[in-house]
Amino acid sequence: MNTFKKGVHMDIKVWMYVIYLAVSVGLTIWVARALSRNGQVFLEEVFAEERLARAVNSLLVVGFYLLNLGYVTVAMKHPDPVDSTSQAMEELSLKIGLVLLVLGALHFFNVFALGRYRRNRLRQLATHPPLAPIGRLPMPSAPPGSQLVGAYPGGGQPTGAHPAGPPPDGPQPGVGPTNNPQAR
């Protein structure tokens, strides 16, 4: 009688494993295909080259399968006996819920990392500096009537060279021996 009861428990546990594997592998394949298909446009924007985006997309899908299916197989083992169908369903829902959390975490990690890469690439391609200059160099003074080397024809400077007027008196930020580490 005890042997029969043990066999029934084993059958419930085996069916729990079969259902867990079927659902987990099915979810992994479905999510990987959806992310691959819909992520292609995002990757083309991130990398600005279709061929590179396709290659990265393929590598991400392979890594996604390896990580998630590896987790599914490691998390499959259940050391305690399963006494009833309801206990099997509870354990099954816990295991599938953890698989879904891993899928979501992998997805958000990829989106975060690729978004960060994209922002850095766009920052490097920007045409203006990220910060405004903090000072300007003083203009050398010249005696009246003489022309400085490199001065502009016509006597003036181009428009916008010193929009705030002549440089102020006193030390300028970023100029002089105080900012030179070798002079200290």
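These figures come from a predicted structure and were not determined experimentally.

1. A look at the pattern of salt bridges
Right, on to step 1. According to the stated counting rule, one finds 3 salt bridges in the structure shown.
Right, on to step 2. Between Glu45 and Arg118 there is a salt bridge, with the nearest N and O atoms lying 3.0 Å from each other. You can see Glu45 sitting in helix α1 (residues 2–47) and its partner Arg118 sitting in helix α3 (residues 85–125), a full 73 residues away along the chain.
Right, on to step 3. Classification of Arg118 as partly exposed rests on a relative accessible area of 28%.
Right, on to step 4. As a salt-bridge pair, Arg54 and Glu50 come within 3.0 Å of each other at their nearest N and O atoms. Of this pair, Arg54 and Glu50 both sit in helix α2 (residues 50–74), 4 residues apart, roughly one helical turn.
Right, on to step 5. Looking at Glu50, the relative accessible area reads 48%, which means it is partly exposed.

2. Concerning α2
Right, on to step 1. The terminal C-alpha atoms of α2 lie 36 Å apart, and with 25 residues this matches the ideal 36 Å at 1.5 Å per residue to within 8%.
Right, on to step 2. When we look at burial in α2, the residues that qualify are Ala53, Val56, Asn57, Val61, Phe64, Asn68 and Val72.

3. Here we look at the packing of α2 against α3
Right, on to step 1. Across the interface, α2 lies against α3 with an axial gap of 10 Å and an inter-helix angle of 150°. On the basis of the axis angle, α2 is roughly antiparallel to α3. The way α2 lies across α3 gives a crossing that is right-handed. On α3, the residues touching Leu60, Phe64, Leu67, Asn68, Tyr71 and Val72 of α2 are Leu98, Val99, Val102, Leu103, Leu106, Asn110 and Leu114.
Right, on to step 2. Its residues placed into classes, the contact of α2 with α3 shows 11 nonpolar, 2 polar and no charged.

4. Observations concerning the packing of aromatic side chains
The geometry of an aromatic ring pair comes down to the distance between the two centres and the angle between the two planes.
Right, on to step 1. One pass over the structure, following the stated rule, counts 1 aromatic pair.
Right, on to step 2. A cation over a ring is seen here: Lys95 above Tyr20, with NZ or CZ 5.9 Å from the ring centre.

5. Some remarks on the environment of Tyr65
Right, on to step 1. On the secondary structure map, Tyr65 appears in helix α2.
Right, on to step 2. Separated by 36 residues in sequence, Tyr65 and Ile29 place their C-alpha atoms 7.8 Å apart.
Right, on to step 3. With sequence-adjacent residues up to four places away left out, Tyr65 is seen in contact with Thr28, Ile29, Ala32 and Gly70.

6. Thoughts on the nonpolar core
Right, on to step 1. In this structure, Tyr20 and Phe64 are the most contacted members of the largest nonpolar core, which totals 15 residues.
Right, on to step 2. Where this core is concerned, the elements lending two or more residues are α1, α2 and α3.
Right, on to step 3. By residue number, the principal contributor to this core is α3, which donates 6 residues.
Right, on to step 4. Those residues in contact with Tyr20, other than ones at most four positions away along the chain, are Tyr71, Val72, Ala75, Met76, Leu92, Lys95, Ile96 and Val99.
Right, on to step 5. Core analysis: the second largest hydrophobic core is formed by 6 residues, Leu43, Val46, Phe47 and Leu114 among them.

7. Focus on the side chain of Asn68
Right, on to step 1. Secondary-structure assignment places Asn68 in helix α2.
Right, on to step 2. A relative accessible area of 0% places Asn68 in the buried class.
Right, on to step 3. Among the polar contacts listed, one links the side chain of Asn68 to the side chain of Thr28, at a separation of 2.3 Å.
Right, on to step 4. Residues within four places of Asn68 in sequence aside, it is in contact with Thr28, Val99, Val102, Leu103 and Leu106.

What counts and what doesn't
Residues numbered from 1 in each chain as written. Predicted model: local features only at pLDDT ≥ 70, side-chain atom pairs only at ≥ 80, totals over all residues. Heavy atoms only, no water. Salt bridge = Lys/Arg side-chain N within 4 Å of Asp/Glu carboxyl O. Helix = DSSP H or I, 4+ residues; strand = E, 2+ residues; numbered from the N terminus. Buried < 20%, exposed > 50% of the residue type's maximum accessible area, 1.4 Å probe, protein only. Expected span 1.5 Å × (residues − 1). Axes fitted to C-alpha atoms, helices over the stretch in contact; angles between N-to-C directions. Parallel < 35°, antiparallel > 145°, perpendicular 65-115°, else oblique. Left-handed = near helix turned anticlockwise from the far one by under 90°. Contact = heavy atoms within 4.5 Å. Nonpolar A, V, L, I, M, F, W, Y, C, P; charged D, E, K, R; others polar. Phe/Tyr/Trp six-rings, centres within 6.5 Å; stacked < 30°, edge-to-face > 60°. Lys NZ or Arg CZ within 6 Å of the ring centre and 35° of its normal. Core = buried A, V, L, I, M, F, W, Y, C linked by side-chain atoms within 4.5 Å. Polar contact = N/O pair within 3.5 Å; in protein donor to acceptor, adjacent residues only side chain to side chain.

Nothing here speaks to function; it is geometry throughout.
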